[in-house]
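Chain and residue survey
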Amino acid sequence: MVVILRFRIPVAYSEFGLALHVKEGAAVELESLVPSGGQRFPFFWIHASEPEPIVDSLQEHESVQRAEIIERIEDATLVALKLTPDSDTVFHAIDASGGQILRAICRDEHWELIVRFSEHEDLSRFRHRCERDAVPLQVEQIYHRTELDDDPQFGLTDAQHEALALAVEHGYYDIPRQCSTADLADELGISSQAMTERLRRAVANVARNTVLATQSSSNS
């Protein structure tokens, strides 16, 4: 049965996290995560007014082969990343244990992760690897896919949750549509393009944590 692990780890135990040098008030969110066996996080979003220091620190880190700014939307910057395979203890342990990352955010000197495992044995293997490598997991929740309703965020960031809730409340998804992205953007004080991107990522996260997760469960 599919099992979900929500946990935190100090950034000091992650090579990738150390390379980011995320300062107070900033955050990094992994995007477009792929299944195990491929490049795990080819893109990520930097939520900071000055993303350049984070990108510069990545380019200087020995485990990073490439870090390049792709797009800027307000205070969110999309960066393409190529990381040396198996260079990060935590992410390598997730991959080696058959885990799939549903959410990963680096902020306040910690990684906040939600990882899906197909079986309890995979979760146990991941935890044993962390114990072996002296990685201090701060487990916040373990639940089955059938208990997904207990997680009202569905993998959404706070900003995505706010944007999606606002869109539903104002009839953005009604037929006919009751408001535009520009209207919603004015409510949040961001640009229309930023609102569109925020909604796109929110819908993708909800689908990843419901439709795709249910499909994974039925195939396991």
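These numbers were taken from a predicted model, which means no experiment stands behind them. Residue numbers here run from 1 along each chain, matching the order of that chain's written sequence. It should be noted that, the model being predicted, local features are given only for residues of pLDDT at least 70 and side-chain atom pairs only at 80 or more, the latter also being counted only at that level, while totals for whole chains, interfaces and linings use all residues. Values shown for side chains rest on all heavy atoms present in the structure; no hydrogens or waters enter the calculation.

In this section: the side chain of Gln160. Strands here mean DSSP runs of E at least two residues long; helices mean DSSP runs of H or I at least four residues long; both are numbered from the N terminus. Here Gln160 shows up in helix H5 (residues 158–169). Residue burial is assigned from relative accessible area. The probe radius is 1.4 Å, only protein chains are included, and a residue is buried under 20% of its type maximum, exposed over 50%, and partly exposed in between. A residue is classified by how much of its surface remains accessible, and Gln160, at 1% relative accessible area, is buried.

This brings us to the confidence of the model for the protein chain. Per-residue confidence from the predictor is reported as pLDDT, which spans 0 to 100. Looking at the protein chain as a whole, its pLDDT mean stands at 80, while 83% of the residues score no less than 70. Element-level mean pLDDT values for the protein chain span from 50 in helix H8 (residues 211–219) up to 95 in helix H4 (residues 120–132). It only takes one pair of heavy atoms within 4.5 Å for two residues to be counted as in contact. Here residues 32–38 is modelled with pLDDT under 50, and outside its nearest four sequence neighbours on either side it reaches 10 contacts, counting other chains as well.

On to helix H3 (residues 89–96), then. Residues of H3 that are buried include every one of Val90, Phe91, Ala93 and Ile94, and no others. Viewed end-on, H3 has its buried residues packed into an arc of 155 degrees, placing them on one side of the element. Pairs of N or O atoms are called polar contacts if they sit within 3.5 Å, as long as, within protein, a hydrogen donor faces a hydrogen acceptor (for residues adjacent in sequence, only side-chain-to-side-chain pairs). Capping the start of H3, Asp88 holds a side-chain oxygen 3.0 Å from the backbone nitrogen of Val90, two or three residues further along. Positive backbone phi, approximately 80 degrees, marks Gly98, located one or two places after H3. The arc in question is the one spanned by the directions pointing from the helix axis to the C-beta atoms.

Below, the discussion takes up the nonpolar core. Definition used in this section: a nonpolar core is a set of buried Ala, Val, Leu, Ile, Met, Phe, Trp, Tyr and Cys residues joined via side-chain atoms within 4.5 Å. Phe16, Leu20, Phe44, Ile94, Trp111 and Leu113 are the most contacted members of the largest nonpolar core, which totals 38 residues. Residues Leu164, Leu166, Tyr172 and Ala194 belong to the second largest nonpolar core, which totals 18 residues.

In terms of burial, strand S7 (residues 110–117) is a largely internal element, eight of the eight residues being buried. Side chains His110, Glu112, Ile114 and Arg116 of S7 all project onto a buried face; the interleaved residues Trp111, Leu113, Val115 and Phe117 project onto the opposite face, where all are buried too. Being paired, for any two strands, means DSSP has found at least two bridges between them. Sheet topology places strand S6 (residues 100–107) next to S7; seven bridges connect them, and they run antiparallel. Looking at S7, one finds that Cys106 is bridged to Trp111. What sits between the antiparallel neighbours S6 and S7 is a turn of two residues, in which Asp108 has the positive phi angle 50 degrees.

Turning our eyes to something else, we now look at the packing of H3 against H4. Convention adopted: a line fitted to C-alpha atoms gives each axis, helices being fitted over their contacting stretch, and angles between N-to-C directions are expressed from 0 to 180 degrees. Axis separation between H3 and H4 bottoms out at 9 Å; the angle between their running directions is 150 degrees. Put simply, H3 runs roughly antiparallel to H4. The interaxial crossing formed by H3 with H4 has right-handed handedness. Residues Val90, Ala93, Ile94 and Ala96 of H3 lie in contact with H4, whose contacting residues are Arg125, Phe126 and Arg129. Side-chain classes follow a simple rule in which Ala, Val, Leu, Ile, Met, Phe, Trp, Tyr, Cys and Pro form the nonpolar group, Asp, Glu, Lys and Arg form the charged group, and the remainder, Gly included, forms the polar group. Its residues assigned to classes, the contact of H3 with H4 shows five nonpolar, no polar and two charged. Just so you know how the angles are binned, under 35 degrees is roughly parallel, over 145 roughly antiparallel, 65 to 115 roughly perpendicular, and the rest oblique. Two helices that cross are described as forming a left-handed crossing if the nearer one is turned anticlockwise from the farther one by less than a right angle, and a right-handed crossing if clockwise.

Moving on: the packing of aromatic side chains. Pairing of aromatic rings covers Phe, Tyr and Trp, the last counted by its six-membered ring, and requires centre-to-centre distances within 6.5 Å; plane angles under 30 degrees mean stacked, over 60 mean edge-to-face, and any other angle means tilted. Under the criterion given, the structure shown has seven aromatic pairs. Measuring from centroid to centroid gives 5.6 Å for Phe7 and Phe126, while their planes differ by 50 degrees, and the two rings are tilted. With Phe7 in strand S1 (residues 3–10) and Phe126 in helix H4, the pair connects residues that are 119 residues apart, well separated along the chain. Pair check on accessibility: Phe7 and Phe126 agree, each one buried. Residues Phe16 and Trp111 carry aromatic rings whose centres are separated by 5.6 Å and whose planes lie at 25 degrees to one another, so their mutual orientation is stacked. Highlighted residues: Phe16 in helix H1 (residues 15–20) and Trp111 in strand S7, separated in sequence by 95 residues. Here Trp111 falls in the buried class, since its relative accessible area comes to 0%. Grouped by ring-pair contacts, the aromatic residues Phe16, Phe44, Phe91 and Trp111 constitute a single cluster. The side chain of Arg177 reaches across the aromatic face of Tyr172, ending 4.0 Å from its centre. The rule for a charge over a ring is simple: NZ of Lys or CZ of Arg within 6 Å of the ring centre, and within 35 degrees of the ring normal.

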